[in-house]
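Listed below, chain by chain, are the residues.
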Amino acid sequence: MTNHRLIQAIQGKAVDRTPVWLMRQAGRYLPEYRKIRSSVKDFLTLCKTPELASIVTLQPVTRYPLDAAIIFSDILTIPDAYGLGLSFIEGEGPRFLNPIRSEAALQKLPQIDPEETLGFVMETIRLAAKELRGKIPIIGFAGSPWTIATYMVEGESPRHFSIIKRMMYQSPHLLHALLSHLSETIIAYLFAQIKAGAEVIMLFDTWGGVLSHPDFLQFSLNYMKNILQSLAEKQGDKAVPIILFTKNGGPYLSDILNSGADCVGLDWTTNLQVARKLSQGKVALQGNLDPATLYAPKEEIVKAVGTVLEQYGNGSGHVFNLGHGMHPDIDPDQVNILLEALNTLSPEYHSERSDRL
Ligand code: CP3
């Protein structure tokens, strides 16, 4: 599998064209997803039913020529496994019955063994891997400790971050204890995903960008670095590549590039050319088409794909993706336009032996 285009590109080895997958490639914009989704009680039930979650994982790669399948799950499976009473309210997003806002609540937080409590994710990976038979790699993932904590403390999708930032400034030790607890779980969870067959790992730091620079380093990046280091130690020589994505992380890019991640995901507010210069060829880059581009007419999509490729420039080390998740109201045919454009335009950026290093 290490000879697959996606992994080769992350390693900076020569590829025939730019590999591509799309954040939230499985989901509500696909009619085949909505069909399966309507057959179960709710979204979490779908995540916890490996027979269905594996089918949903494969739906986008059956429909489109994508270079990876991301496992169908959610970053909130961990706090759900802690027993915080997670539900997804239609149209409103996640809600926790028991948010963590005190020392007492934190003390009650269980240590979990992901192999057991989150075994359904590993089973989903195994089932999807069986179907894929090594054709393309499976991406396993987790949220960053900071990002998962924002949901656990705020109790819902964070808007102003007042509750967690109040904790950060009034009781930093409490937040640090929560972030350490989460980090331990995430390390064990990702290692279990790798053992089950995930060949690439992605860390979603969706809310790192709401922190000041020093707070980002202290409360988000440091914990992610610790995860990267622990996973590297646990795996030895045959470590799988890890992609780190901090939404709105552009201002902290040099720190993120030096975190030890193999690939850094960028949203559309960062110029890929600038990012590539900063990376000095040491770290691969993923991104960064604005997902809203998919609302545009064909010529505009083709142009925007061309611009992303032109910004990155010649050679390997680039994984094409959106800058954030696919919107649920995108017409699935628009994705074909993106992929065809990439297929037509990207080979010329790989025409000579143009290794990144
Ligand atoms: O990318 C994929 O195709 C894999 C699946 C995936 C989902 N969530 C499925 C999902 C992944 C990688 C995630 C990650 C995730 N989940 C993140 C980090 C990435 C990001 O978008 O920044 C976050 C912050 C979450 C938390 C979450 N999950 C929220 C806030 C919501 C509700 C939002 C909404 O649109 O309703 C979810 C639900 C969710 N996760 C859905 C899907 C397909 C929609 C559920 C449904 O079918 O109703």
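Heads up: the structure comes first, above all this text.
Residues numbered from 1 in each chain as written. Predicted model: local features only at pLDDT ≥ 70, side-chain atom pairs only at ≥ 80, totals over all residues. Heavy atoms only, no water.

Chemist: When you look at the overall build of the chain in this model, what are you seeing that I'm missing?
Modeler: The helix and strand inventory of the chain stands at 16 helices and 9 strands. Relative to a compact globule of 357 residues, whose C-alpha radius of gyration would be 21 Å, the chain shows 19 Å and is just as compact. By principal-axis analysis of the C-alpha atoms, the chain measures approximately 60 × 45 × 40 Å. Expressed as a percentage of its 357 residues, the buried residues of the chain come to 58%. A sequence separation of at least 24 residues applies to 72% of the contacts in the chain between residues at least 6 apart. Carbon and sulfur atoms provide 50% of the accessible area of the chain, an area that totals close to 15,000 Å². Counting 33 positive and 37 negative side-chain charges, the chain places the centres of these two groups 1 Å from one another. (Helix = DSSP H or I, 4+ residues; strand = E, 2+ residues; numbered from the N terminus. Rg over C-alpha atoms; globule rule 2.2 N^0.38 Å. Buried < 20%, exposed > 50% of the residue type's maximum accessible area, 1.4 Å probe, protein only. Contact = heavy atoms within 4.5 Å. Areas by Shrake-Rupley, 256 points an atom, 1.4 Å probe, with all protein chains shown as cover. Lys, Arg positive; Asp, Glu negative; His and termini not counted. Charge placed at Lys NZ, Arg CZ, Asp CG, Glu CD.)

Chemist: What's the story with the sheet that holds strand β7 (residues 263–265) in this structure? I'm lost.
Modeler: Sheets are built from strands that pair by backbone hydrogen bonding, the pairs being arranged parallel or antiparallel. Spatial ordering of the open sheet is given by β1-β4-β5-β6-β7-β8-β9, a layout of 7 strands whose pairing is parallel. Two strands lie at the open edges of the sheet, namely β1 (69–70) and β9 (318–322), each paired on one side alone. Bridge count between β1 and strand β4 (residues 138–143): 2 bridges; the pairing is parallel. From the neighbouring strand, Ala-69 faces β4, where its bridge partner is Ile-138. Packing against the sheet, helix α14 (residues 272–279) makes contact with β8 (284–289) and β9, and its axis sits at approximately 170 degrees to β8. (Pairing = 2+ DSSP bridges. Axes fitted to C-alpha atoms, helices over the stretch in contact; angles between N-to-C directions.)

Chemist: Would you explain the packing of aromatic side chains in this entry?
Modeler: Each aromatic ring pair is characterised by the separation of its centres together with the angle its planes make. Scanning the model with the defined rule gives 6 aromatic pairs in all. The interplanar angle of 85 degrees and the centroid separation of 5.5 Å between the aromatic rings of Phe-141 and Phe-204 together place this pair among those described as edge-to-face. Of this pair, Phe-141 sits in strand β4 while Phe-204 sits in strand β5 (residues 200–205), placing them 63 residues apart in sequence. Per residue, the accessibility class of Phe-141 equals that of Phe-204, and both read buried. Here the aromatic rings of Phe-161 and Trp-207 are separated by 5.2 Å at their centres, their planes lie at 65 degrees, and the arrangement is edge-to-face. (Phe/Tyr/Trp six-rings, centres within 6.5 Å; stacked < 30°, edge-to-face > 60°.)

Chemist: Honestly, the side chain of Thr-147 in this entry has me stumped. Any pointers?
Modeler: Topologically, Thr-147 is positioned in helix α9 (residues 145–154). Here Thr-147 falls in the buried class, since its relative accessible area comes to 0%. Side-chain polar atoms of Thr-147 contact the side chain of Asp-205, separated by 3.0 Å. Leaving out residues up to four positions away in the same chain, Thr-147 has contacts with Ile-75, Phe-204, Asp-205, Thr-206, Trp-207 and Gly-208. (Polar contact = N/O pair within 3.5 Å; in protein donor to acceptor, adjacent residues only side chain to side chain.)

Chemist: Can you help me understand the pattern of salt bridges in this one?
Modeler: Side chains that differ in charge, positive against negative, can pair when their charged atoms come close. If you walk through the whole model with that rule in mind, you get 13 salt bridges. Here Asp-67 ties to Arg-17 by a salt bridge, and the two come within 3.0 Å at their closest N and O atoms. In this pair, Asp-67 sits in the loop between α4 (50–63) and β1 while Arg-17 sits in the loop between α1 (5–10) and α2 (31–38), placing the two residues 50 residues apart along the sequence. Summarising the burial analysis for this pair, Asp-67 and Arg-17 share the class buried. (Salt bridge = Lys/Arg side-chain N within 4 Å of Asp/Glu carboxyl O.)

Chemist: Which parts of the structure should I look at to understand the site of the ligand?
Modeler: Taken together, 24 residues surround the ligand, and among them Arg-28, Tyr-33, Asp-74, Thr-206 and His-324 come closest. Residue Ala-26 places a main-chain N or O atom 3.0 Å away from an oxygen atom belonging to the ligand. Residue Thr-206 places a side-chain N or O atom 2.7 Å away from an oxygen atom belonging to the ligand. Protein contact buries 89% of the 880 Å² of open area that the ligand shows by itself. Those elements that provide at least two residues to the shell around the ligand are α2 and β3 (93–96). Taken together, the residues of the shell around the ligand break down into 13 nonpolar, 7 polar and 4 charged. (Near = heavy atom within 4 Å. Nonpolar A, V, L, I, M, F, W, Y, C, P; charged D, E, K, R; others polar.)

Chemist: Even after reading the chapter, I still don't get helix α11 (residues 172–196), so can you show me in this structure?
Modeler: Three or four residues apart is the spacing at which side chains of an α-helix point the same way, because the helix has 3.6 residues per turn. Taking 1.5 Å per residue, 25 residues should reach 36 Å; α11 reaches 36 Å between its end C-alpha atoms and fits that length. One or two residues past the end of α11 sits Gly-197, with phi positive at roughly 130 degrees. (Expected span 1.5 Å × (residues − 1).)

Chemist: I tried to follow the nonpolar core on my own but got confused; where do I start?
Modeler: Looking at soluble globular proteins, one finds that nonpolar side chains tend to be buried together. In terms of nonpolar packing, the biggest core is built from 130 residues, with Trp-21, Leu-178 and Leu-338 touching the most fellow members. A per-element tally of this core places α11 first, with 13 residues. Dropping the residues within four chain positions of it, Leu-178 is found in contact with Ile-100, Leu-106, Leu-109, Ala-149, Met-152 and Val-153. (Core = buried A, V, L, I, M, F, W, Y, C linked by side-chain atoms within 4.5 Å.)

Chemist: Quick question: what am I supposed to make of the environment of Leu-294 here?
Modeler: By the element assignment, Leu-294 lies in the loop between β8 and α15 (298–312). For Leu-294, a relative accessible area of 1% translates into the label buried. Put simply, Leu-294 and Asp-333 are 39 residues apart on the chain and 9.5 Å apart in space, counted from C-alpha to C-alpha. Setting aside its immediate chain neighbours within four residues, Leu-294 contacts Ile-301, Leu-322, Met-326, Ile-330, Gln-334, Val-335 and Leu-338.

Chemist: How should I be thinking about helix α8 (residues 119–132) in this particular structure?
Modeler: When the terminal C-alpha atoms of α8 are compared, their 20 Å separation across 14 residues agrees well with the 20 Å that a helix rising 1.5 Å per residue should span. Of all the positions in α8, only Gly-119, Phe-120, Val-121, Met-122, Thr-124, Ile-125, Ala-128 and Leu-132 are classed as buried. Residue Arg-133 follows α8 closely and has a positive phi angle near 45 degrees.

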